[in-house]
Amino acid sequence: MKTTESESGHPGELRHPLLAALPDARPLAGMSSETLEKMGGEIRDVLCNLLATRTAHFASNLGVVELCLALHAEFDFQHDRLIWDTGHQIYPHKLVTGRYSQFESIRTRGGLMGYPNPAESPYDLFMTGHAGSSVSTAVGLRSGDILTGQADRRTVAVIGDGAFPSGIVFEALNNAGASKEDLTVVLNDNKMSICHRTGAVASYLDRLRNNPFYTGLKHEVVRLLDHVPMFGDPAERLLAQMKEGVKAGLLGGMLFEELDIRYIGPIDGHNIPLLRKYMKLCKEIEGPVLLHVVTEKGHGYKPAAEDPVFFHTPPAFEDRGGTPVTRGSEGRPPYTTHARNAIGEAMKRDDRVTVITAAMCQGNKLEPVRERFPERFFDVGICESHAVAFAAGQCKTGMRPIVDIYSTFLQRSFDQIFQEVVLQDLPVVFMMDRAGLTGPDGPTHHGVYDIGYMRVFPNLCLMAPGYAAEVPMMLDACLSHDHPTGIRYPKASALELDHTPAPIVMGKAEWIREGDDGTIVAYGAMLEQAIAAAEKLEGELSVGVVNARFVKPIDHEMVAKSMADGRFVVTLEEGTIVGGFGSAFLESAADQRLDTRQIHRLALPDEFVEHGDRSDLLSDSSLSAEGIADACRNAASNVSVG
Ligand SMILES: Cc1ncc(C[n+]2csc(CCOP(=O)(O)OP(=O)(O)O)c2C)c(N)n1
Ligand SMILES: CC(=O)[C@@H](O)[C@H](O)COP(=O)(O)O
Ligand SMILES: [Mg+2]
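Residues numbered from 1 in each chain as written. Chains lettered and ligands numbered in written order. Predicted model: local features only at pLDDT ≥ 70, side-chain atom pairs only at ≥ 80, totals over all residues.

As for the overall build of the protein
No. 1: Looking only at helices and strands, the protein has 27 helices and 19 strands in total.
No. 2: Relative to a compact globule of 642 residues, whose C-alpha radius of gyration would be 26 Å, the protein shows 27 Å and is just as compact.
No. 3: Summarising its shape, the C-alpha atoms of the protein cover approximately 95 × 65 × 50 Å along the three principal directions.
No. 4: Here the protein holds 642 residues, and 51% of them are scored as buried.
No. 5: At a minimum sequence separation of 6, the contacts of the protein that also span at least 24 residues come to 77%. (Helix = DSSP H or I, 4+ residues; strand = E, 2+ residues; numbered from the N terminus. Rg over C-alpha atoms; globule rule 2.2 N^0.38 Å. Buried ≥ 20, exposed ≤ 12 C-beta atoms within 10 Å, placed from the backbone. Contact = placed C-beta atoms within 7 Å.)

Description of the UniProt feature "domain: Transketolase-like pyrimidine-binding" (unreviewed entry) in the protein
No. 1: The sites that UniProt annotates as "domain: Transketolase-like pyrimidine-binding" (unreviewed entry) are residues 333–497.
No. 2: The straight-line gap between the two end C-alpha atoms of residues 333–497 is 13 Å; of that span, 38% is helix and 15% is strand. (UniProt positions renumbered as here; feature names shortened; annotations may be inferred.)

Focus: the site of ligand 1
No. 1: In the vicinity of ligand 1, 26 residues are found, and the nearest of them are Ser-60, Ala-131, Gly-160, Gly-162 and Ala-163.
No. 2: Counted by class, the shell around ligand 1 contains 9 nonpolar, 13 polar and 4 charged residues.
No. 3: Here the shell around ligand 1 spans two domains, and each of domain 1 (12–211 + 252–315) and domain 2 (335–488) adds at least three residues to it. (Near = placed C-beta within 6 Å. Nonpolar A, V, L, I, M, F, W, Y, C, P; charged D, E, K, R; others polar. Domains from an automatic or database assignment.)

Details of the site of ligand 2
No. 1: Looking at ligand 2, the residues that line it are Thr-86, His-88, Gly-129, Ile-194, His-312, Thr-313, Gly-363, Arg-434, Thr-438, Asp-441, His-445 and Lys-491.
No. 2: Split by residue class, the shell around ligand 2 holds 1 nonpolar, 8 polar and 3 charged.
No. 3: Mapping the shell around ligand 2 onto the domain boundaries places at least three of its residues in each of domain 1 (12–211 + 252–315) and domain 2 (335–488).

Description of the sheet that holds strand β4 (residues 262–268)
No. 1: Spatial strand order, β1-β2-β3-β5-β4: 5 strands in an open sheet with parallel pairing. Unpaired on one side and paired on the other, β1 (81–84) and β4 mark the two borders of the sheet. Direction aside, neighbouring strands of the sheet carry axes that sit 15 degrees apart on average.
No. 2: Along the sheet, helix α14 (residues 272–284) makes contact with β3 (183–189), β4 and β5 (288–294), crossing β4 at roughly 170 degrees. (Pairing = 2+ DSSP bridges. Axes fitted to C-alpha atoms, helices over the stretch in contact; angles between N-to-C directions.)

What to know about the domain arrangement of the protein
No. 1: What the domain assignment lists for the protein is domain 1 (12–211 + 252–315), domain 2 (335–488) and domain 3 (510–641).
No. 2: Spacing between the C-alpha centres of domain 2 and domain 3 amounts to 26 Å.
No. 3: Facing the 23 residues of domain 2 at the interface are 29 residues of domain 3.
No. 4: The set of elements that each furnish at least two residues to the side of domain 2 that touches domain 3 consists of α21 (450–455) and β12 (461–463).
No. 5: Within the side of domain 2 that touches domain 3, the residues separate by chemical class into 14 nonpolar, 6 polar and 3 charged.

A few points about helix α20 (residues 414–422)
No. 1: By the burial criterion, the buried members of α20 are Gln-416, Ile-417, Glu-420, Val-421 and Val-422. When α20 is viewed along its axis, its buried side chains cluster within an angular range of 150 degrees and face the same direction.
No. 2: In the core, the buried residues of α20 are packed alongside α18 (384–396). (Arc of directions from axis to C-beta.)

Re the nonpolar core
No. 1: Among the nonpolar cores identified, the biggest contains 186 residues, and Val-403, Ile-520, Ala-522, Ala-530 and Cys-632 are the most heavily contacted of them.
No. 2: Contacts of Ile-520, omitting those with residues within four sequence positions, involve Ala-530, Ala-533, Ala-534, Val-543, Val-545, Val-570, Leu-572, Ile-628 and Cys-632. (Core = buried A, V, L, I, M, F, W, Y, C linked by C-beta atoms within 7 Å.)

Shown next, in the form of structure tokens:
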């Protein structure tokens, strides 16, 4: 992608002169709408160029170009406070806040993050990637600014309609309305989450979009009502109430007005002068205000506007005369595909089985399941806590719900996993997709804590497939197990092992190969790297490989057997070293009074892993065949010395 150079090799300032000349966002305040609109065209050109080179968030960013320009024209966010909810739509913001020249590095290791990053710019206040928390942090910022004598700093949160139904948002609105402190919440309503939005809030927003205000009829209708003659009799009170009721209905936004949050809108989110006009109004209004803007996801690139689901994070594509042409995806299917197929087969065999996603139907690849079993497919929106408690309720009636939520997003449901599922010992199945390093999304999305945060719970049986064939076998075992269960798997293609799988027995590992000098015990998809490392060591060290399969309960016999005769053990997992599989292995060895000095844990470090290509990030932590082989060599030399 050539932001800093045009295709003909000219410097970026020829291709994007306005962006290239911006030191930061301050000059926008003095720009005319025409100039801002030209800058919007440059931003869209940069976005389209980016997508020729790599997967990135596309439609969401196209949809907020004008909104971003109007915000930075009306507020000085070097002084004022701005939080973009979720943060996947941050690219225009980054382009106008001094990062145009670095932009081609976005989502690559060592380059710009694809989400807000305070380390990059004072314009980015929080590193985010999980939806829904912007209004809360904005309310907190406002509160702190008042307490620290900085009340002149205005606070703005921009939140999408998909993020808006998250429970935490209503916790924040509850607080904001009561506090009566100044705050602007911009609701960016593009009718889309990643997939089409779901839920009653979505229907409410649809009604608001049809509000006369948006169609320009409101003033006339309200004016007419004000001319309705009033009489001095009891009927007057009724009529007055009716009149207010009708106005309130037309005014819309009663959900917010009743919380003492002024509602303005809906307005056209692609009309810069209109946006600036109403942002000025928001600045004048005392107390919290919600500005409802209507945008089009994918605006400005027709294929994306027509298919915002595909273009949410499309694969790299080349635009050939307005037609996007993607490079075919070849190779082994990912674990997610095997999981989706296993879910579909289970639902076909057993009417009790349901599947619940939290607005990630596309990411979980569940579209075929949604079409085939519409009555047993549930997309509850970005409401993970609700998803788990909802599953518990279903389970209580005898259904067998599968909660299909990314490892990192499932963190939001921790208390419901505890109280509504494991404490009740209900047989809910958690399928934790994206468990491990997710690559370009970075630390907000890496699913590296689920081994630790899940295995602390009693009753829960936790497992991870080491190769494709195990996925359906594990799901079937879970659905036959009358207690809570969890299966984790990464955003990676699944190993297709030429091997007859041992039957799944809860708590039992599977030996892949024996070794006289040591054993690599791999939990989950790291099995592939373990086998490659053992093969690499042939002729040098005789190393066995165990497919651990379970972290809870861990196979205590396997622990003892793998350490027998003083052999070294290297444990392997795609998760943090703190409290993970290696810790469970150590605990088992210690409980069996074995010599834990024989054990070497390979895992991700106790630090946040940045964004980048997954295989590069794994190698950085020695979670590659070469790194594992080196760990075995070191372990062997330690054991022989020991
Ligand atoms: C807690 C959480 N759950 C799920 C996601 C995955 N996710 C990222 S963006 C998105 C849709 C957001 O929709 P919206 O807020 O309307 O933004 P838009 O893409 O439409 O601009 C989802 C579900 C997430 N980032 N955080
Ligand atoms: C912003 C967000 O959270 C999602 O768009 C996420 O990036 C999707 O991840 P996958 O591409 O791995 O489904
Ligand atoms: Mg949306």
